[in-house]
Amino acid sequence: MALNKGGLVASGLYTVHYLVFSTLSHFASLKSSIVLAGLAVLPSGLFLGFVWSGLGLHDPPFPADSWMNSDLLYYPVSLLVSYLLGWGLNLFWHALIRLVGYRLEHLDERLIRYLDRDV
């Protein structure tokens, strides 16, 4: 099974995003570092927040000092979410090309004929 190019690009962009925000969070003040660390793992925070609310939970089902409340869980989940988002965008792009691409080829031919007529 080959990996999707769009998913890999999205995962690479997320990794850069994670490295920038987690590095900035280490050099910021306490309140700012909490915000920056939250932004670093935003995709997993959104996804897991929807999962927990779908299960009827208001808080995560593990204690605040657990290893599951760290980057050991949030980074891989965010990486998976970003890969799936990139895969979906790539799928949409290819479907759009299949639906509209042949019309664009005819548009180019008509545009060339129109521009050559004026010369």
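Note that the structure is predicted; figures quoted are calculated from it, not measured.

(A) Fine view of the overall build of the protein chain. If you tally the helices and strands in the protein chain, you get four helices and zero strands. Going residue by residue from the N terminus, the α and β elements of the protein chain occur as α-α-α-α. A buried classification covers 22% of the 119 residues belonging to the protein chain. Across the protein chain, the fraction of contacts at a sequence separation of at least 24, relative to all contacts at a separation of at least 6, is 64%. When the accessible surface of the protein chain is summed, it comes to about 9,300 Å², and 72% of that surface belongs to carbon and sulfur atoms. Charged side chains of the protein chain number 7 positive and 8 negative; the gap between the two group centres comes to 8 Å.

(B) Spotlight on helix 2 (residues 30-40). Restricting attention to buried positions, one finds in helix 2 the residues Ser33, Leu36 and Ala40. Projected down its long axis, helix 2 shows its buried positions confined to an angular sector of 65 degrees, all on one face. Facing away from the buried side of helix 2, by more than 90 degrees, are the exposed residues Lys31, Ile34 and Val35.

(C) Region of the structure containing the nonpolar core. Ranked by size, the top nonpolar core spans ten residues in total: Tyr14, Tyr18, Ala40, Val41, Leu48, Trp52, Phe62, Leu73, Tyr74 and Val77. Looking at this core, the elements with two or more residues in it are helix 1 (5-26), helix 3 (42-54) and helix 4 (71-118). Ranked by the residues each element gives to this core, the list is headed by helix 4, at three residues.

(D) Expanded view of the packing of aromatic side chains. Scanning the entire structure with this criterion turns up three aromatic pairs. Between Tyr14 and Tyr75, the aromatic rings sit 5.9 Å apart at their centres with planes inclined by 25 degrees, giving stacked as the arrangement. Of the two residues, Tyr14 is situated in helix 1 and Tyr75 in helix 4; the sequence distance between them amounts to 61 residues. Looking at Tyr75, the relative accessible area reads 21%, which means it is partly exposed. Relative to Tyr75, the ring of Tyr18 lies with its centre 4.7 Å away and its plane at 45 degrees, an arrangement referred to as tilted. With Tyr18 in helix 1 and Tyr75 in helix 4, this pair connects stretches of sequence that are 57 residues apart. Joined through ring pairs, the aromatic side chains of Tyr14, Tyr18 and Tyr75 make up one cluster.

(E) Summary view of a nonpolar patch on the surface. Among the surface-exposed residues, Val35, Leu39, Leu42, Leu46 and Phe50 lie close enough to one another that they form a single nonpolar patch of about 480 Å² accessible area. Elements that contribute at least two residues to the nonpolar patch include exactly helix 2 and helix 3. With three residues, the single largest contributor to the nonpolar patch is helix 3. For Leu46, the location among the structural elements is in helix 3. When its relative accessible area of 48% is taken as the criterion, Leu46 is described as partly exposed.

(F) Focus on the environment of Leu89. Counting through the fold element by element, Leu89 comes out in helix 4. For the pair Leu89 and Leu104, spaced 15 residues apart in sequence, the C-alpha separation works out to 21 Å.

Quick notes on the rules
Residues numbered from 1 in each chain as written. Predicted model: local features only at pLDDT ≥ 70, side-chain atom pairs only at ≥ 80, totals over all residues. Heavy atoms only, no water. Helix = DSSP H or I, 4+ residues; strand = E, 2+ residues; numbered from the N terminus. Buried < 20%, exposed > 50% of the residue type's maximum accessible area, 1.4 Å probe, protein only. Contact = heavy atoms within 4.5 Å. Areas by Shrake-Rupley, 256 points an atom, 1.4 Å probe, with all protein chains shown as cover. Lys, Arg positive; Asp, Glu negative; His and termini not counted. Charge placed at Lys NZ, Arg CZ, Asp CG, Glu CD. Arc of directions from axis to C-beta. Core = buried A, V, L, I, M, F, W, Y, C linked by side-chain atoms within 4.5 Å. Phe/Tyr/Trp six-rings, centres within 6.5 Å; stacked < 30°, edge-to-face > 60°. Patch = residues over 30% accessible without salt bridge, like charges linked within 9 Å, V, L, I, M, F, W, Y side chains within 5 Å. Salt bridge = Lys/Arg side-chain N within 4 Å of Asp/Glu carboxyl O.

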